[in-house]
Amino acid sequence: MPEKRADVVVIGAGPAGSTAARVIAKRGFIVMLVEKENNPGAASVCAGGIPMKTFRETGLSTDVIEKFIPEGAYYYPWGEQHLKLNHISVCRNLFDRKLAEKATEEGAELRSGMLVEDVRVKNDRVVISAREKIESELVVFADGPNTLAYRKFGIGFKPRADTTYVSVACEIEWRENSLNCFEFHYNHAISQWGYGWIFPKRNTVNVGVGCLYSKLSKNIIELLHYMLNKYPPTARKLSGRRMLWTGSALIPAAPAERIFGERMLVVGDAAGMVDPVSGGGIEHAINAGRLAGDVCVNALEEGDFSLSSLAVYQNLWRKTEDHAHIDLNHSLSSMFLYLSKFDRNAYIKMAFAVNSGIIRNLMTMVRLFMMK
Ligand SMILES: Cc1cc2nc3c(=O)[nH]c(=O)nc-3n(C[C@H](O)[C@H](O)[C@H](O)COP(=O)(O)OP(=O)(O)OC[C@H]3O[C@@H](n4cnc5c(N)ncnc54)[C@H](O)[C@@H]3O)c2cc1C
């Protein structure tokens, strides 16, 4: 098989991979962005909710925006809460394709429809086995929660029953709907540890359910159908509408212990960079993709691919706001998971405390007291 050469191979053209590839290509290095689907985002079941700030930073045109979302509606067993948001909704097949195009505009080579089957490090080179064989100086794993990085090298996100959400989502046709808020439904009938959501787009709504795998007591598809057809607060809006597609996916709920290895970095869902309370990860994937890109550029410019040069990535990531947020919510989740032995509403109470800013205010107080 003829071998291709690149400075960096990025596996996965999701938000993390396309962002990393874009940063590296912009500095003139040869990047191959390898994606198993024929189009980036084609198989994503994601609800597509993104903070406006993150969207602006991508530089994508506003045509990609489905809806502006100024509000979140949170439904708890004891009542509802409406909070201000500054978010947008997108369709991931378009959003991911546009992000990948930004990378190719900078010179990255997108290889779609190409599944990476194996990665080896041999004679100071990385060897990527797919339809073609590619050799590179570095590899960035941006291949989602079921990452090859963990399966082959034991780094990145380690899926376990109490650190992984199972989710199922569907897109329901609702032409020119006037919905403009993200709905979050917290109820035991929907999820024992997680929630059901309705995220509006222009002519559809994304409806889904997520539940921590270790707390799943029913088939998750039944839970989605319950939300669509029986649970009064959602069924009265959704029942009888046409379902366009449905799909399921895993969501990481714990940060990875290690996100670098010999000639490799791990980024986005593949590194567990997801908020363990909300399950949101696009913002963190993009921010970490930028950082991973910078660290690759630095290693290539210095010609230093040593472990200590790549360890900088993990050190820098652990100083970011993204990491602080994920880490805090992971500690909270672990604590409330323990409390759930005594209180069946532990998750819902934790989500309420996070959503309404109680935890953020508490942390601000702690920092204030720690100031000299
Ligand atoms: C149902 C659901 C709803 C969600 N809703 C939201 C939301 O509203 N807001 C939010 O912020 N987050 C949401 N998330 C989380 C969000 O989707 C992820 O955090 C985000 O997509 C992570 O980006 P990524 O680039 O790390 O990984 P991904 O988006 O998963 O991209 C990985 C890419 O790698 C490709 N790939 C995988 N293996 C290989 C291989 N071997 N070879 C080649 N290519 C490969 C995949 O096809 C994919 O394109 C949701 C997740 C789910 C499952």
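One numbering rule holds for all chains: residues counted from 1, following each sequence as written. For a predicted model such as this one, the threshold for reporting local features is a pLDDT of at least 70, and the threshold for listing and counting side-chain atom pairs is 80 or more; totals across whole chains, interfaces and linings nevertheless cover every residue.

Let us now look at the site of the ligand. We call a residue near a molecule or strand if the C-beta atom, set from the backbone, is within 6 Å of it. G12, G14, G144, G268 and G281 are the nearest of the 42 residues found near the ligand. Here a strand is any run of E in DSSP of at least two residues, a helix any run of H or I of at least four, and the numbering for each starts at the N terminus. Listing elements by their share of the shell around the ligand, those giving two or more residues are helix 1 (15–26), strand 3 (49–51), strand 10 (164–173), strand 14 (243–252) and helix 7 (282–302). For the shell around the ligand, the residue count by class is 23 nonpolar, 13 polar and 6 charged. Each of domain 1 (3–66 + 90–160 + 256–324) and domain 2 (164–252) gives at least three residues to the shell around the ligand. Only Asp, Glu, Lys and Arg are considered charged, only Ala, Val, Leu, Ile, Met, Phe, Trp, Tyr, Cys and Pro nonpolar, and every remaining residue, Gly among them, polar. Each domain's extent is set by a domain assignment, obtained either automatically or from a database.

How big an interface is tends to be stated in terms of accessible area lost as the parts join. Along its sequence, the chain is organised into domain 1 (3–66 + 90–160 + 256–324) and domain 2 (164–252). Here the C-alpha centre of domain 2 lies 28 Å away from the C-alpha centre of domain 1. With 15 residues of domain 1 in contact, the opposing surface of domain 2 contributes 17 residues. Each residue gets a C-beta atom placed from its backbone, and two residues are in contact if those atoms lie within 7 Å.

Turning our eyes to something else, we now look at unusual backbone geometry. Despite not being glycine, E176 has its phi angle at roughly 45 degrees, a positive value. You can see E176 is positioned in the loop between strand 10 and strand 11 (181–185). Even without being a glycine, R263 presents a positive backbone phi close to 60 degrees. Mapping R263 onto the fold places it in the loop between strand 15 (260–261) and strand 16 (264–266).

Our next topic: helix 3 (residues 92–105). One less than the number of residues in a helix, times 1.5 Å, gives the span that helix is expected to have. Its 14 residues give helix 3 an end-to-end C-alpha distance of 19 Å, which sits within 8% of 20 Å, the value for a rise of 1.5 Å per residue. Each residue is classified by how many other C-beta atoms fall within 10 Å of its C-beta atom, where C-beta atoms are placed from the backbone; a count of 20 or more means buried, 12 or fewer means exposed, and values in between mean partly exposed. Among the residues of helix 3, R92, F95, D96, L99, A100 and A103 are the ones counted as buried. Projected down its long axis, helix 3 carries its buried residues within an arc of 130 degrees, all on one side. Looking at the packing, one finds that the buried side of helix 3 touches helix 1, strand 2 (31–34), helix 2 (52–58), strand 5 (79–90) and strand 6 (109–111). Following helix 3 by one or two positions, G107 has its phi on the positive side, about 115 degrees. What the arc describes is the spread of directions from the helix axis to the C-beta atoms.

Following the sequence through the fold, V207 ends up in strand 13 (residues 204–212). Ignoring anything within four residues of it in the chain, the contact list for V207 reads A169, C170, I172, W197, I198, M227, L228 and L238.

Remember that side chains alternate between the two faces of the sheet whenever the strand is regular. The pairing of strand 1 (residues 3–11) with strand 9 (residues 133–141) spans 8 bridges and is classified as parallel. Bridge pairing in strand 9 places A6 opposite S136. Pairing between strand 1 and strand 2: 4 bridges, direction parallel. Following the sheet pairing, V9 is matched in strand 2 by M32. Here, any two strands with at least 2 DSSP bridges between them count as paired.

Glancing now at the nonpolar core. Among soluble globular proteins, nonpolar side chains are generally buried collectively. Here, a nonpolar core denotes buried Ala, Val, Leu, Ile, Met, Phe, Trp, Tyr and Cys residues that are linked to one another through C-beta atoms within 7 Å. Of all hydrophobic cores here, the largest spans 110 residues; its most connected members are V140, L265 and V267. In terms of residue count, the dominant contributor to this core is helix 7 (10 residues). In this structure, this core is formed jointly by two domains, domain 1 (3–66 + 90–160 + 256–324) and domain 2 (164–252), each of which donates at least three residues. Those residues within four positions of V140 in sequence are excluded, and the remaining contacts are V8, V10, I11, G17, A20, L265, V267, A292 and C296.

One open sheet accounts for 8 strands, arranged 3-5-4-11-12-13-10-14; its pairing is mixed. Looking at strand neighbours, the two that pair on one side only are strand 3 and strand 14, the edges of this open sheet. Neighbouring strand axes in the sheet, compared pairwise and without regard to direction, differ in orientation by 30 degrees on average. Pairing analysis gives 5 bridges linking strand 4 (residues 65–76) to strand 11, with the strands arranged parallel. Residue pairing in the sheet places A73 in a bridge with E183 of strand 11. All axes here are fitted lines through C-alpha atoms, helices being fitted over the stretch that makes contact, and every angle between N-to-C directions spans 0 to 180 degrees.

Glancing now at the environment of K67. Relative to the assigned elements, K67 resides in strand 4. With 113 residues separating them in the primary sequence, K67 and N180 have C-alpha atoms 7.1 Å apart. Those residues in contact with K67 that sit more than four places away from it in its chain are I88, S89, N180, P200, K201 and R202.

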